[in-house]
Amino acid sequence: MEQYETITCSERSPARLVPAIILACIGIPHFLLGASFLVFGAGDEDMTVIGGVFALSGTVLLAIALPFFAGWLNRKVEATQDGIVITSRFGRTTFVPWGQVSVTDHVSDSRRLEFHVQGRSVSFSAGCKGYDDMRSCLRGRGVLLDKSGRRKSVRTSGDEVIDVKRLV
């Protein structure tokens, strides 16, 4: 029996973490500065207002950074022998069999794979870890479509030629 390798495309790349780090680096000092103004300026009305504004802005920035961190930690798509498993940004997994999967390959404009499953679309860009391996796997499975909805049968730039009729 042949062992099938699971191919994973995830957002665990350094580029995906940069927005979260930037927001956290601004939000944490704002929150701490606001908290210190609230604690040490308790007798002064102006200090409590300034502290409240800084604490609120720090909290908002950290709340915006949270989905970026969660996406970096969890968001991925795995190609298995039976189908794909999509893990959302907050860790919810969805299994979709190969018969219900179609993937649009946006090569020329934004270099991303757009998975169309169960009435929704999930995109992974070329900056994601494992993007090229996932693209090759999807092409081999015959589920990779171009933007006009036609199955891709020939890859340019020296990639292998796949007979789509044989796969379907």
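Summary of the structure given here.

Below, the discussion takes up the pairing of strand 7 (residues 120–125). In terms of strand pairing, strand 6 (residues 112–117) meets strand 7 through six bridges, oriented antiparallel. Bridge pairing in strand 7 places Glu114 opposite Ser123. Joining the antiparallel neighbours strand 6 and strand 7 is a turn of two residues, in which Gln118 adopts a positive phi near 45 degrees.

Here we come to the side chain of Thr94. Within the secondary structure, Thr94 is located in strand 4 (residues 93–97). Ignoring anything within four residues of it in the chain, the contact list for Thr94 reads Ile84, Val85, Ile86, Gln118 and Arg120.

Attention shifts here to the sheet that holds strand 8 (residues 144–145). Consider a sheet: its strands pair through backbone hydrogen bonds, and that pairing is either parallel or antiparallel. Taken in spatial order, the four strands line up as 7-6-5-8 in an open sheet, and their pairing is mixed. The open sheet is flanked by strand 7 and strand 8, the only strands paired with a single partner. Helix 3 (residues 131–141) contacts strand 5 (102–106), strand 6, strand 7 and strand 8 of the sheet and is inclined by roughly 50 degrees relative to strand 6.

Moving on: the nonpolar core. Val77, Ile84, Val103, Leu113, Phe115, Met134 and Leu138 are the most contacted members of the largest nonpolar core, which totals 22 residues. Listed by contribution, the elements that provide at least two residues to this core are strand 1 (7–10), strand 2 (76–79), strand 3 (83–87), strand 6, strand 7 and helix 3. For this core, the element with the highest residue contribution is helix 3, accounting for four residues. Beyond its immediate stretch of four places on either side in the chain, Met134 contacts Ile7, Thr8, Cys9, Val77, Glu78, Ala79, Leu113 and Phe115.

Once that is clear, we can look at the packing of aromatic side chains. Evaluated as defined, the whole model comprises two aromatic pairs. Relative to Phe54, the ring of Phe37 lies with its centre 6.2 Å away and its plane at 85 degrees, an arrangement referred to as edge-to-face. In this pair, Phe37 sits in helix 1 (residues 14–40) while Phe54 sits in helix 2 (residues 45–74), placing the two residues 17 residues apart along the sequence. Aromatic side chains Phe115 and Phe124 sit 6.1 Å apart centroid to centroid with 85 degrees between the ring planes, which places their arrangement in the edge-to-face category. When its relative accessible area of 0% is taken as the criterion, Phe115 is described as buried. You can call Phe124 buried: its relative accessible area is 1%. One Lys or Arg, Arg12, reaches over the ring of Trp72 and ends 4.6 Å from the middle of that ring. Residue placement shows Arg75 over the ring face of Phe124; its charged tip is 4.3 Å from the ring centre.

Time to look at a nonpolar patch on the surface. Together, Ile28, Phe31, Leu32 and Leu62 give the surface a local cluster of nonpolar side chains, amounting to about 340 Å² of exposed area. For the nonpolar patch, the element with the highest residue contribution is helix 1, accounting for three residues. By secondary structure assignment, the location of Phe31 is in helix 1.

Conventions adopted
Residues numbered from 1 in each chain as written. Predicted model: local features only at pLDDT ≥ 70, side-chain atom pairs only at ≥ 80, totals over all residues. Heavy atoms only, no water. Pairing = 2+ DSSP bridges. Helix = DSSP H or I, 4+ residues; strand = E, 2+ residues; numbered from the N terminus. Contact = heavy atoms within 4.5 Å. Axes fitted to C-alpha atoms, helices over the stretch in contact; angles between N-to-C directions. Core = buried A, V, L, I, M, F, W, Y, C linked by side-chain atoms within 4.5 Å. Buried < 20%, exposed > 50% of the residue type's maximum accessible area, 1.4 Å probe, protein only. Phe/Tyr/Trp six-rings, centres within 6.5 Å; stacked < 30°, edge-to-face > 60°. Lys NZ or Arg CZ within 6 Å of the ring centre and 35° of its normal. Patch = residues over 30% accessible without salt bridge, like charges linked within 9 Å, V, L, I, M, F, W, Y side chains within 5 Å. Areas by Shrake-Rupley, 256 points an atom, 1.4 Å probe, with all protein chains shown as cover. Salt bridge = Lys/Arg side-chain N within 4 Å of Asp/Glu carboxyl O.

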